[in-house]
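Spelled out from the first residue to the last, the chains are:
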Amino acid sequence: EAEVAQSPRYKITEKSQAVAFWCDPISGHATLYWYRQILGQGPELLVQFQDESVVDDSQLPKDRFSAERLKGVDSTLKIQPAELGDSAMYLCASSLRADTQYFGPGTRLTVL
Amino acid sequence: EDQVTQSPEALRLQEGESSSLNCSYTVSGLRGLFWYRQDPGKGPEFLFTLYSAGEEKEKERLKATLTKKESFLHITAPKPEDSATYLCAVQAYNSGGYQKVTFGTGTKLQVIP
């Protein structure tokens, strides 16, 4: 069964450092999403791609966060510099036609 | 702004004790309502999509229903392995014409043997 892949699974970094997360969606899925989930809360959308284009990044803190999906397949989310409040689970999801989303295992980020 | 409210926040059941989780929503132009299961430290696992009021879907001990204002996830004779957080999400069009999904905060279910 096809799955969304994410790496790394865990990341520990010090504040002010740069971090990057990678996501490989299910093959053929045109829509890719990055979410942030704080413990005890639901996922919050950071950015949504349709192929290689950003269609929603209204909740992305653009002063420190960036995301790209250069060839419309895999994607990278970067934080520079990381802050203590960025500690969370970062989830990637993909969907075939912006319908049902399938999630990856997530990256647990801890900022010290 | 789209809103999703789930209740209760936490639910503790004895094995075999059936119950329901509630998801109430406020959205302009519902495109779909989703239920996910999330185990600790893992990504959400897709369970159901419901598109219109009156629709029902079942999977093993779970049954999801939809009205114009809320959805219920019924759990019949739960087992300890059903323990997880259950997330509800709604999909609607955003101002840019693309479909946006808004999640609730989830119901944490614990089933005791």
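Residues numbered from 1 in each chain as written. Chains lettered and ligands numbered in written order. Predicted model: local features only at pLDDT ≥ 70, side-chain atom pairs only at ≥ 80, totals over all residues. Heavy atoms only, no water.

J.: What am I meant to see in the overall build of chain B here?
T.: Summing up its helical and strand segments, chain B has 0 helices and 11 strands in all. The C-alpha atoms of chain B give 14 Å as radius of gyration, which agrees with the globular expectation for 113 residues (13 Å, within 12%). In terms of overall dimensions, chain B has a C-alpha envelope of 50 × 30 × 20 Å along the principal axes. Split into buried and exposed, the 113 residues of chain B put 45% on the buried side. For chain B, the proportion of contacts with a sequence separation of at least 24, taken over those separated by at least 6, is 54%. (Helix = DSSP H or I, 4+ residues; strand = E, 2+ residues; numbered from the N terminus. Rg over C-alpha atoms; globule rule 2.2 N^0.38 Å. Buried < 20%, exposed > 50% of the residue type's maximum accessible area, 1.4 Å probe, protein only. Contact = heavy atoms within 4.5 Å.)

J.: In this structure, what is going on with the environment of Leu 96 of chain A? I would like to understand it.
T.: Residues and elements named next belong to chain A. Topologically, Leu 96 is positioned in the loop between strand 9 (88-95) and strand 10 (102-103). For Leu 96, a relative accessible area of 37% corresponds to the partly exposed category. Remark: the alpha-carbon pair of Leu 96 and His 29, spanning 67 residues in sequence, is separated by 4.2 Å. Not counting residues up to four positions away in its chain, the partners in contact with Leu 96 are Gly 28, His 29 and Ala 30.

J.: How should the packing of aromatic side chains be read in this particular structure?
T.: Ring pairs (aromatic) are described by centroid distance and by the angle formed between their planes. Scanning the entire structure with this criterion turns up 10 aromatic pairs over all chains. Centre to centre, the rings of Tyr 102 of chain A and Phe 46 of chain B are 5.7 Å apart; their planes meet at 65°, and the pair counts as edge-to-face. With one member in each of two chains, Tyr 102 of chain A in strand 10 and Phe 46 of chain B in strand 5 (residues 45-50) form a pair that bridges those chains. When its relative accessible area of 34% is taken as the criterion, Tyr 102 of chain A is described as partly exposed. Judged by centre distance (5.8 Å) and plane angle (45°), the rings of Tyr 36 of chain B and Phe 103 of chain B are tilted. Pair noted here: Tyr 36 of chain B is in strand 4 (residues 30-38) and Phe 103 of chain B is in strand 10 (residues 99-103), with a separation of 67 residues, a long-range link. For the pair formed by Tyr 36 of chain B and Phe 103 of chain B, the shared burial category is buried. Members of the aromatic cluster, each reached through a chain of ring pairs, are Tyr 33, Tyr 35, Tyr 102 and Phe 103 of chain A together with Phe 34, Tyr 36, Phe 46 and Phe 103 of chain B. (Phe/Tyr/Trp six-rings, centres within 6.5 Å; stacked < 30°, edge-to-face > 60°.)

J.: So what exactly am I meant to see when it comes to the state of the cysteines here?
T.: Linking two cysteines covalently through their sulfur atoms gives a disulfide. The final tally for this structure, using the stated rule, is 2 disulfides over all chains. The residue that forms a disulfide with Cys 23 of chain A is Cys 92 of chain A, at a sulfur-sulfur distance of 1.9 Å. Taking the sign of the S-S torsion, -70° for the link of Cys 23 of chain A and Cys 92 of chain A, the bridge is left-handed. Highlighted residues: Cys 23 of chain A in strand 3 (residues 19-24) and Cys 92 of chain A in strand 9, separated in sequence by 69 residues. A sulfur-sulfur separation of 2.0 Å characterises the disulfide bridge that pairs Cys 23 of chain B with Cys 88 of chain B. Across the S-S bond linking Cys 23 of chain B and Cys 88 of chain B, the dihedral sits near -65°, which makes this disulfide left-handed. One end of the pair, Cys 23 of chain B, is in strand 3 (residues 19-26); the other, Cys 88 of chain B, is in strand 9 (residues 84-93), and 65 residues separate them in sequence. Since its relative accessible area comes to 0%, Cys 23 of chain B is described here as buried. Residue classification places Cys 88 of chain B among the buried residues on the basis of a relative accessible area of 0%. (Disulfide = S-S within 2.5 Å.)

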